[in-house]
Amino acid sequence: VAFTGDAELKAADGSSLNGKTITTTDGLVALGATFNATAKDFSVLVGNRALGWVETGVRVLGSTTSTGDQVVELRLVNIKNAAAINASPVPISMVVGTGNASATGALTSSVVLATPSKLVTNAEGEAETTGTSTLNLATGTIGTTADGKPAAAGPLTVSVVNYSNANIDSLSAFPGGFGATVSGAPSSVLNGAAANDGAFITGGFAQFNVTDSKGNAIRKFDKPVSVSIDLPKTSLDADGVPVQAGAGYPVWSYDDATGAWKFEKTGTITEKSPVDPNNYTVAFSTDHLSSWNLDFYTPSCTAQINLTGRPQGDQRSLTIQVVGVKGQRFSSTGEITDSQLNLYRSPYKTRVNVKVLDQGVVVGQASNALLCAAPNQPKPISIPITLKPLTVGSIQVNTSESCPDGSQKRALPSFAFVNVNNSNKFRVGYTTPVPGDTVARKEFFSIPAGTSTVYALNLRKFSYEVQSVAVTANNTTTASFNFGLTCTRPTGATGATGAGG
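Given the structure is predicted, the values throughout are model-derived calculations rather than measurements. (Residues numbered from 1 in each chain as written. Predicted model: local features only at pLDDT ≥ 70, side-chain atom pairs only at ≥ 80, totals over all residues. Heavy atoms only, no water.)

Enquirer: Can you walk me through the overall build of the chain in this structure?
Expert: Helix and strand counts for the chain come out as 3 helices and 35 strands. Over its C-alpha atoms the chain spans a radius of gyration of 25 Å, differing by no more than 12% from the 23 Å that the globule rule assigns to 501 residues. Each principal axis of the C-alpha atoms in the chain carries an extent, and together these give about 80 × 60 × 45 Å. Buried positions account for 49% of the 501 residues belonging to the chain. Expressed as a percentage of contacts within the chain between residues at least 6 apart in sequence, the contacts between residues at least 24 apart total 67%. For the chain, the centre of its 36 positive side-chain charges and the centre of its 35 negative side-chain charges are spaced 2 Å apart. (Helix = DSSP H or I, 4+ residues; strand = E, 2+ residues; numbered from the N terminus. Rg over C-alpha atoms; globule rule 2.2 N^0.38 Å. Buried < 20%, exposed > 50% of the residue type's maximum accessible area, 1.4 Å probe, protein only. Contact = heavy atoms within 4.5 Å. Lys, Arg positive; Asp, Glu negative; His and termini not counted. Charge placed at Lys NZ, Arg CZ, Asp CG, Glu CD.)

Enquirer: What exactly am I supposed to notice about the packing of aromatic side chains here?
Expert: What characterises a pair of aromatic rings is the spacing of the ring centres plus the angle enclosed by the ring planes. Counted under the stated rule, the structure contains 20 aromatic pairs. Each residue in the set Tyr 163, Phe 174, Phe 178, Phe 200, Phe 205, Trp 252, Tyr 254, Trp 261, Phe 263, Tyr 297 and Phe 330 is aromatic and connected to the rest through ring pairs, giving one cluster. The residue whose ring lies beneath Lys 233 is Tyr 280, and the NZ or CZ to ring-centre distance is 5.0 Å. Positioned above the aromatic ring of Phe 444, the side-chain terminus of Lys 442 is 5.6 Å from the ring centre. (Phe/Tyr/Trp six-rings, centres within 6.5 Å; stacked < 30°, edge-to-face > 60°. Lys NZ or Arg CZ within 6 Å of the ring centre and 35° of its normal.)

Enquirer: Help me understand the pattern of salt bridges, please; the structure alone is not making it clear to me.
Expert: Close approach of charged atoms lets side chains of opposite charge pair. Enumeration according to the criterion identifies 17 salt bridges in this entry. Between Glu 55 and Arg 49 there is a salt bridge whose closest N-O contact spans 2.8 Å. Of the residues examined, Glu 55 reaches a relative accessible area of 14% and is grouped as buried. Here Arg 49 falls in the buried class, since its relative accessible area comes to 14%. As a salt-bridge pair, Arg 316 and Asp 314 come within 2.8 Å of each other at their nearest N and O atoms. Judged by relative accessible area, Arg 316 falls into the buried class, the value being 3%. (Salt bridge = Lys/Arg side-chain N within 4 Å of Asp/Glu carboxyl O.)

Enquirer: Quick question: what am I supposed to make of the state of the cysteines here?
Expert: The term disulfide refers to a covalent linkage connecting the sulfur atoms of a pair of cysteines. Enumeration according to the criterion identifies 2 disulfides in this entry. Across the disulfide from Cys 301 sits Cys 372; the S-S distance is 1.8 Å. A torsion of 80° about the S-S bond marks the disulfide between Cys 301 and Cys 372 as right-handed. Here Cys 301 is found in strand S19 (residues 291–308), whereas its partner Cys 372 is found in strand S25 (residues 372–374), with 71 residues between them in sequence. Relative accessible area serves as the criterion here: at 2%, Cys 301 is assigned to the buried category. Taking relative accessible area as the criterion, Cys 372 reaches 0% and is therefore assigned buried. Each disulfide pairs two cysteine sulfurs, and for Cys 403 the partner residue is Cys 487, the sulfurs being separated by 2.2 Å. Negative torsions about the S-S bond denote left-handed disulfides, and the value of about -100° found for Cys 403 with Cys 487 makes this one left-handed. (Disulfide = S-S within 2.5 Å.)

Enquirer: Explanation requested: the pairing of strand S16 (residues 248–254) in the structure shown.
Expert: Look at any regular strand and the pattern is simple: side chains alternate between the two faces of the sheet. Of all 7 residues making up S16, 6 are buried, and the element is well covered by its neighbours. With 7 bridges joining them, S16 and strand S17 (residues 261–271) adopt antiparallel strand pairing. Within S17, the residue paired with Tyr 254 across the bridge is Trp 261. Looking at chain direction, S16 and S19 are connected through 3 bridges and run antiparallel. Paired with Val 251 across the two strands is Leu 294, which belongs to S19. (Pairing = 2+ DSSP bridges.)

Purely geometric numbers; function is a separate question.
The structure is reproduced here in structure tokens:
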């Protein structure tokens, strides 16, 4: 996991994370971020080629007018799971092939790959046939790493991952997030938006990957590589007009190092051969590979969703899923414990379908709702919700450290996560000390009755310790974590053992 951006980022021990790369084995990373008028965002970049995980990332936008904790979820795919992904109902398809590099890094034979098409259910609940993405590497093409080193001699692993824009299952994996930073785009492509202040509407995206025998990502090529990404025929342009064959469509590539999208060219929409009743295609050539997308960049706004019907005092965590309507696809997901969600950097003049979920059950929704009439002119969407009476309790997390025999116990502030009812819906916060107390505390309220899992970060080891807790109605369940210290008696000292380490 790597971090880049202007915001001040810190690990749990107070050390800087800006420009740093760390490793997680449990999927959880905790950090603090300070935003101001000029440092408005940062990007999180994730991936591990050696283990099959395809690189992705997300841009995290801050607000100087509000503070608090949030959970950011990144969705990755693994090329070792291609068969399972292709058999699943999610609108993602994958193909994995092999090649071979000579001692100079040149391909000894061509590699031609195309992802399979799938029948999926789109965001409107309709059956939809996804398009495909293709990659063609010619014999003799020399591949190099980002720093110019030729591919190691031996076998190459080549993969293509196609993400249809059909529903939120694939849209939520969009690298960098839809409120993207872009570079290299002329004003005609920005459609009136600033390069750091617009939002994407996507026609579809794909990841093209080549890895050499030593696990190095092969990024650049000495001759053009042919690629294509299909585009649904229901797609609309930046003005909301249906696209047609022969028209242009902007093509962008993702920079894994910065978390920004670079404008590459305006591709041409063409009919497939044979003609596909559901999809056009946009074919182009490039000398580098990463994630690519077909997107219009538009001015953005801060949209607002208001819920009505939440009982007074109810603080259960609700999930709000926002998906652009057919032809104007983008997505945003938020977790709230109150009744208002602000959607920063949403594309304006777009209509959306919204679902409100309580532990996976839809409790309210809106269809074809307008987000914003113009930039900086949000049009609040009001959604009535119906919630079942909730049986809740609370979880108090205590964190401390002491010598192995329990002496010298003292409060240790820590990051704490609660996986609510083990549904992968996380509540997050800090444990804080009280003067004179030997533990740092954080209480999580309105936790549904049932079994939840609590994670607390051991700062000495930079790993999470885990407890399973049973929450009962109207009661507080305590999860206490005491992290052990290595304690030694100072030379020549007598009396109680001193704390150290």
